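Chain and residue survey
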Amino acid sequence: MRHKVKWWCSLSLVQHRTTVVFILFSLFPTLLGVYTQEHDINMPHQEVEFWARKIGNHIFHLSNAFALYNDIKDNFHSRDATLQENDGLQLVKEMASDVTNMMKFKVDAVNRIMNVAEEASLDKYKQDEAVDYFNAKRLNPSPDIPQEAIDDKNYRNLSLLSNSHFDGIPINESVSSVHVPTNVYAKAPDVINAIRWSGRLDRTFKSNYELDPTLSWQYFGSSTGFLRQYPASEWVMDEKDPDLYDARLRSWYIQAASSPKDMVILLDVSGSMTGLRKEIAIHVVLNILETLNENDFVNIFNFSTETTELVSCFNDSLVQANMENIGEFKKALKTIETKEIANFSKALIKAFELLQRYNKSGQGSQCNQAIMVVTDGAPDNYEKIFSTYNWPHFQVRVFTYLIGREEKKKRDLSWMACANKGYFVQVTTLAEVREQVLRYIPVMARPMVMYQEDHHHIWTGVYADIATPVDVLAEIKIASRPEKAFPGRRGAPGLKEGYRLMTSVAVPVFDRKKTSTKTANLLGVAGTDVPIREIEKLVPPYKLGVNGYSFMVNSNGYVIYHPDLRPVHRESNAEFQDILKPNYNSVDFAEVELTDYENEARANDSELLELRKELVEQNPAERMMNVKIHLDDMKRVVQRTQKYFAQKISGTPFSLGIAMPDGYGKYKVHGQIELTREIQDRRAGDVMDHFSTGNWSLHPDWVYCEYKYDQHQEDQSPEALIKEFLSRAQKPNWKWRSTRTRPPPDPIMNQAQHKRWKPSMGSDERKDNYYCDKDLVQSLLFDARATNVYSREVKIEDKIKDKNMGSQNFGITTAFVATRSGLTRWIDNPSESSSSNGNSKERHFMKVHNRAIDEVWYKRAVDYYKEDQDAYVYSVPFDAATRDPDEVLVTATRAIFVEENEYRMAPAAVVGVTIKHRKFVDFFKNETYKCPSYPSRDSSCKKAKTCESTSLNCYLLDDNGFIIASENEDDTGKFFGTLEGTIMESLVQSEVYKKIQVFDYQAVCLDTQEKNSMASILTTPIQTLKWFANWMMGNVFWVLVKTQLYTLWDPNEAWAYAQGQWDPNAAPTDEVTYSKGPINHQSTFGEYQEMFPDEAGIPTEDTKRTESPDVVGDFPPLELAYINKTHPRPCDKTVYLYKLQSKKLKQDGLYKPVKGKLSNCHTNGCGRPFSVQKVISTNLILVAVNSLCPCESRKVDIEPVEVEHNETTSCNRLLMQHYRKRPQSCVNYHPDEHEIKLCGGAGSLGPSSVALLTLLLAHIYNSMMQS
């Protein structure tokens, strides 16, 4: 093989090129990649080749001996392990069928809740009849609460037991609990009445759970504000802040309460919209945006003399209301300026024409359409425009929001709404904004409610379950105080440990009462959660094999789950570690599958988009694509051909897909021990004998066997659970019960048929109700028998063929094997482990890395098998240089394949060893400090020819360019390019490494804004006045929210603001919300961090206040937003990763050194020769670099950098709408809706001026004293 090194073949050719080369060298003194044929006697090319072979041979044989590679491989073959072909299409059909059955149970459950709720609401009760319910915030008082407070607040005791199915949260399965938000008066007649009749739901909740033990939280969210949830649990409270959680603001409620919509928001920015009016108007728009979801389309127009798009990119279009687009609107709202006179005609015509164009062209939601007018008054009702564009069909609803207290401006705006099937409200204060905004939702729901029978169920997109209370104001200032934001459910960091991802199914509940006045009342929404982990259980990874995976996509093309879905920050900035990303729940399928043809950001590969379209359309799919897979936090890359198969999940907007590697993914190893025969065979002994040697563990996330109902016992480890079930299996009448799902009962079943389908069970029978995966358990037994080799009686020295090698100086600490069934076994080397493990501060390597086929070292070993079947794949931690050197381990792994021929093969297991890095380096030095002609170092060995020489730097690099060993301990784990960037680029040019570009479309960039100095206040008095005005405004708003002052003017109706004409359909809500207790509904990351403009110029002195742990309780929300100087935003990033080209290093079947030199890389004309040699039977190369020439080396790192989009490409990215499928259900018209006369009214707030002034002054005084 001819290496790609530029050689000059003749003297004449050299003379012809001398002039050109001289000019190039003079212009680029650090010119790289210029190679000459190397005859420099100072470069020990032959020695490098010798060292690489010696090192490779030594560590290969020692690793094989310690890991008992040959013994385990022979056992797999001798025990009759065979190969079976993987039928991907049939496999995905079976998995999709299981998921469909499970989803049907969830839909049936919420339908039963809905039916019972509608019937119960018709019952009549006496108004003075006592209501018996468990208040989730008044359960099991702590001993430090005075008895008077317990009696006054009606605390009740309720037995709560920890339940593993509900993440260990203490629950009671017998009853439900009721949560009433702080701003809802629990004793209001309509609230009490709804709590009373909804108590009938407890029996339905319990029946649902008995029918389907996989059910998660079931709930009914009432339009009056309370939430009834099952099973009962205590609501987690924050002592410092009021409970502001309101179910009516969750996505499952809003989506179920109305159909999709196209919306145009017209924001008045005329000269009169200044000061407080402007702030209120902005908040109205922000709160409207919060009610939108990914099935809605929206645009915002500023209008004064002219009508212009708020976001210039969204010119003359409606954009999908995903999180990224909503973020663009929120960011643009900071920049609005008020001027000139409002021209309503232009604005209304613009809105109507845009909506008509989308309606006729088939774009947008193709369902509801609405215009939201936010203004401080209109000079006319513009009847002619509405007559021309909207009558007589009333395709577009008009909602008007009057900002300010002027009564005379109400008439025209009220007429606009009432004449166009809309609703009118008057907003006078910041505190009432959200309550007033949400009144449009029940109006949009009227046609659906009036039809009564059409109860369409909805499925939400994926979202993170935030169970620990999070102060919403901490979310505003998330960049300043990230540790306050989004702690995980169990306090653990990371994706699945810290945030439980889920989807929810919900259905609206209608009021069936007949009244003399035409109404369309929405009673609320019934729903249940479906944790993603429950879906993944039905798609077991062992069936897909190593490097295979499953995924799910919804009708918008957004990922529900995928192995590359990364919803939390993993940025180098430690402050943002484990914080939810701004657009974590709107990641497109085309953003997680990276095709190998992609050479520029967001290059729309046709094959990928075709597969995506089939997923969105829910069509069966089978495709093959070349893709790039990144590993280890985007530090390694693999190029692979994969086969994709997809099938729809009936009754949902989801499609299930699987991907399997081409080649070894075509087949799977089939080997099982038939448990019943094993038990009957008296010669076989106890089945647990197969686990007798060494230590062992099982994949912690896989389900081998589990109890379906009895989850109140202490969490059992997978190992303890499998022991218990294997013990049970040896008793008479054992049954596998391995059917994961079955279709729900047919509604037409009679009672006897239903009883046969689901016999009633007592408590003892519930404990006996279990599930076991027969194939997985019997495969586990087979693997346990094949790997039962790590006996203490086996002497490793007897396995080493070359007795001269020795083992004590190499530092092997542990030998291990992991198998396809999730089994991991290991044995420690007493001579190495006993001295270190006892005093080690870190957990044992195998107890941390116990996920078998899901471990990176397992995946890499299987992938590398194709390149070199004898090779061990070596790696070290990337942060090894920062760790205690005595704790750093080298990991070496090698795959075991079951083969029938060179085309039919499949991985069965991976064996490996861990090695003390210090001893590994000592061995590396010992070998590279020797001359080949001498057995050891002595004076006759030329030091210039070994790595001991100060003029020679030697490195062992892995197949991705990371340093495994060098003479400098601090180099360990670093990317070689950060130390020798010029040499790294030379290795790329010589085809030793291949440079592969990878894009990250889920990246987050942090924008830091410059803080204002105190000098600006001293030199600009106006700035001081501006700051004081904002500070005062913030204090007023803060007092209203924190003290709930709006409850003073009507204590019996604290759940809503008194209205001149209140529509009974409306769903009043609170000002701001955040998730509380075990309830698992969407977090609000990014919703509040940009709610207020930053241009107020708060003095930087406030920074000192942010250091106070009580800062959230002391500052008004406006000020918190102002001091938030760091803003995370979605962005695209790219990085170049590297892959070793082993085949390029071979000549005539043998690995030969690559010789090169960086010529004239310094002004004195010197160069840097280097030599590269593949280390046999490994994924390593040995690199020796002459260091005498002081060449400047540029740094080549692998840190992702932002893809710079110009204005055009940035807009194109935002406007790019991939193919989507609209929700099937759309109810936007009922012929009798015109009979409903309620269309809004003005707020009539009347707080006590004295009380407001007193509290305000007290709060201001307190803030000034603290500052």
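Small disclaimer: the values here were computed from a predicted structure and weren't measured.

1. Focus: the overall build of the protein
The secondary structure content of the protein amounts to 40 helices and 44 strands. Counting the 1267 residues in the protein, one finds 58% classified as buried. Nonlocal contacts in the protein, meaning residues at least 24 apart in sequence, comprise 77% of its contacts between residues at least 6 apart. Of the roughly 51700 Å² that the protein leaves accessible, carbon and sulfur atoms contribute 49%.

2. Details of the sheet that holds strand β35 (residues 963-966)
Read across the open sheet, the five strands follow the order β35-β34-β42-β41-β40; overall the sheet is antiparallel. Looking at strand neighbours, the two that pair on one side only are β35 and β40 (1154-1158), the edges of this open sheet. The average undirected angle you get between the axes of adjacent strands in this sheet is 20 degrees. Of the strand pairs in this sheet, strand β34 (residues 952-957) and strand β42 (residues 1181-1186) are connected by six bridges, and their pairing is antiparallel. If you follow L952 over to β42, its bridge partner there is N1186.

3. Some remarks on the packing of aromatic side chains
Overall, the coordinates contain 41 aromatic pairs when judged by the stated rule. When the ring of F166 is compared with that of Y209, the centres are 6.2 Å apart and the planes differ by 55 degrees; the resulting orientation is tilted. Of this pair, F166 sits in the loop between β2 (161-163) and β3 (169-172) while Y209 is found in helix α7 (residues 201-211), placing the two residues 43 residues apart along the sequence. Connected via pairs of aromatic rings, a cluster forms that spans F352, F386, Y389, W391, F394 and W415. For the cation-ring pair, K635 lies above F878, with the distance from its terminal atom to the ring centre recorded as 5.4 Å. A cation over a ring is seen here: K995 above Y1136, with NZ or CZ 4.6 Å from the ring centre.

4. As for the environment of Y133
Here Y133 lies in the loop between α4 (88-120) and α5 (147-152). Overall, Y133 belongs to the buried group, its relative accessible area being 18%. On a C-alpha basis, the gap between Y133 and S198 in space is 10.0 Å, while along the polypeptide they are 65 residues apart. Not counting the four nearest positions on each side in its chain, Y133 is found in contact with R156, V178, A186, I195 and R228.

5. So, the confidence of the model for the protein
In the predicted model, the protein carries a mean pLDDT of 80, and the fraction of residues at 70 or more is 75%. Confidence drops under pLDDT 50 across residues 1-41; counting only partners more than four residues distant or on other chains, this segment forms 62 contacts. Under a pLDDT of 50 for its full length, residues 467-497 has, in the predicted model, 106 contacts with residues more than four places off or in other chains.

6. Quick notes on the state of the cysteines
Applying the stated criterion across every chain, the model contains seven disulfides. Two residues share a disulfide in this structure: C313 and C1211, whose sulfurs sit 1.8 Å from each other. Where C313 bonds to C1211 through sulfur, the torsion about that S-S bond is close to -65 degrees, and the disulfide is left-handed. Of the two residues, C313 is situated in the loop between β10 (307-309) and β11 (319-320) and C1211 in helix α39 (residues 1207-1215); the sequence distance between them amounts to 898 residues. Judged by its relative accessible area of 11%, C1211 is buried. Between C1166 and C1189 runs a disulfide, and the two sulfur atoms are separated by 1.8 Å. Taking the torsion about the sulfur-sulfur bond, which here is approximately 65 degrees, the covalent link between C1166 and C1189 counts as right-handed. Of this pair, C1166 sits in the loop between β40 and β41 (1168-1174) while C1189 sits in the loop between β42 and β43 (1201-1202), and the two are 23 residues apart along the sequence.

7. A closer look at a negative patch on the surface
Residues E85, D87, E94 and E622 make up a contiguous surface patch of negative charge. Structurally, E622 is set in strand β22 (residues 621-631).

8. Comments concerning the nonpolar core
Counting 156 residues, the largest nonpolar core has I265, V284, F329, Y401 and L656 as its most contacted members. The dominant element in this core, judged by the number of residues it contributes, is α4, at 15 residues. For I265, the contacting residues outside a window of four places in its chain are V285, I288, L289, V298, N299, I300, F301, M372 and V374. Among the nonpolar cores identified, the runner-up in size contains 99 residues, and I72, F691, C947 and A1184 belong to it.

9. Things to note about the pairing of β42
Burial within β42 is extensive, with six of its six residues counted as buried. Of the two faces of β42, the one carrying I1181, V1183 and V1185 and the one carrying L1182, A1184 and N1186 are both buried.

10. Regarding the sheet that holds strand β23 (residues 636-648)
The six strands lie next to each other as β20-β19-β24-β23-β22-β21, forming an open sheet whose pairing is antiparallel. Every other strand in the sheet has two partners, leaving β20 (559-561) and β21 (594-595) as the edge strands with one partner each. Where strand β19 (residues 549-553) meets β20, two bridges bridge the pair, whose relative direction is antiparallel. Each residue of the ladder has a partner; that of M552, found in β20, is Y561. Running over the sheet, helix α21 (residues 606-617) touches β19, β21, β22, β23 and β24 (655-661) and is turned about 115 degrees from β22.

11. Remarks on the pattern of salt bridges
In a structure, side chains of opposite charge can pair up when their charged atoms sit close to one another. By the definition in use, this model includes 57 salt bridges. When the shortest N-O distance is used, the salt bridge between D412 and R411 registers 3.8 Å. Overall, R411 belongs to the exposed group, its relative accessible area being 66%.

12. Things to note about the pairing of strand β29 (residues 812-819)
Within β29, eight of the eight residues are buried, which leaves the element mostly enclosed by the surrounding structure. Where β29 lies against strand β33 (residues 905-916), seven bridges are found, and the strand directions are antiparallel. Bridge pairing in β33 links F816 to G912. Sheet topology note: the β29/strand β30 (residues 823-828) ladder contains five bridges and is antiparallel. Paired with A815 across the bridge in β30 is I827.

Rules used throughout
- Residues numbered from 1 in each chain as written.
- Predicted model: local features only at pLDDT ≥ 70, side-chain atom pairs only at ≥ 80, totals over all residues.
- Heavy atoms only, no water.
- Helix = DSSP H or I, 4+ residues; strand = E, 2+ residues; numbered from the N terminus.
- Buried < 20%, exposed > 50% of the residue type's maximum accessible area, 1.4 Å probe, protein only.
- Contact = heavy atoms within 4.5 Å.
- Areas by Shrake-Rupley, 256 points an atom, 1.4 Å probe, with all protein chains shown as cover.
- Pairing = 2+ DSSP bridges.
- Axes fitted to C-alpha atoms, helices over the stretch in contact; angles between N-to-C directions.
- Phe/Tyr/Trp six-rings, centres within 6.5 Å; stacked < 30°, edge-to-face > 60°.
- Lys NZ or Arg CZ within 6 Å of the ring centre and 35° of its normal.
- pLDDT = per-residue confidence, 0-100.
- Disulfide = S-S within 2.5 Å.
- Patch = residues over 30% accessible without salt bridge, like charges linked within 9 Å, V, L, I, M, F, W, Y side chains within 5 Å.
- Salt bridge = Lys/Arg side-chain N within 4 Å of Asp/Glu carboxyl O.
- Lys, Arg positive; Asp, Glu negative; His and termini not counted.
- Charge placed at Lys NZ, Arg CZ, Asp CG, Glu CD.
- Core = buried A, V, L, I, M, F, W, Y, C linked by side-chain atoms within 4.5 Å.

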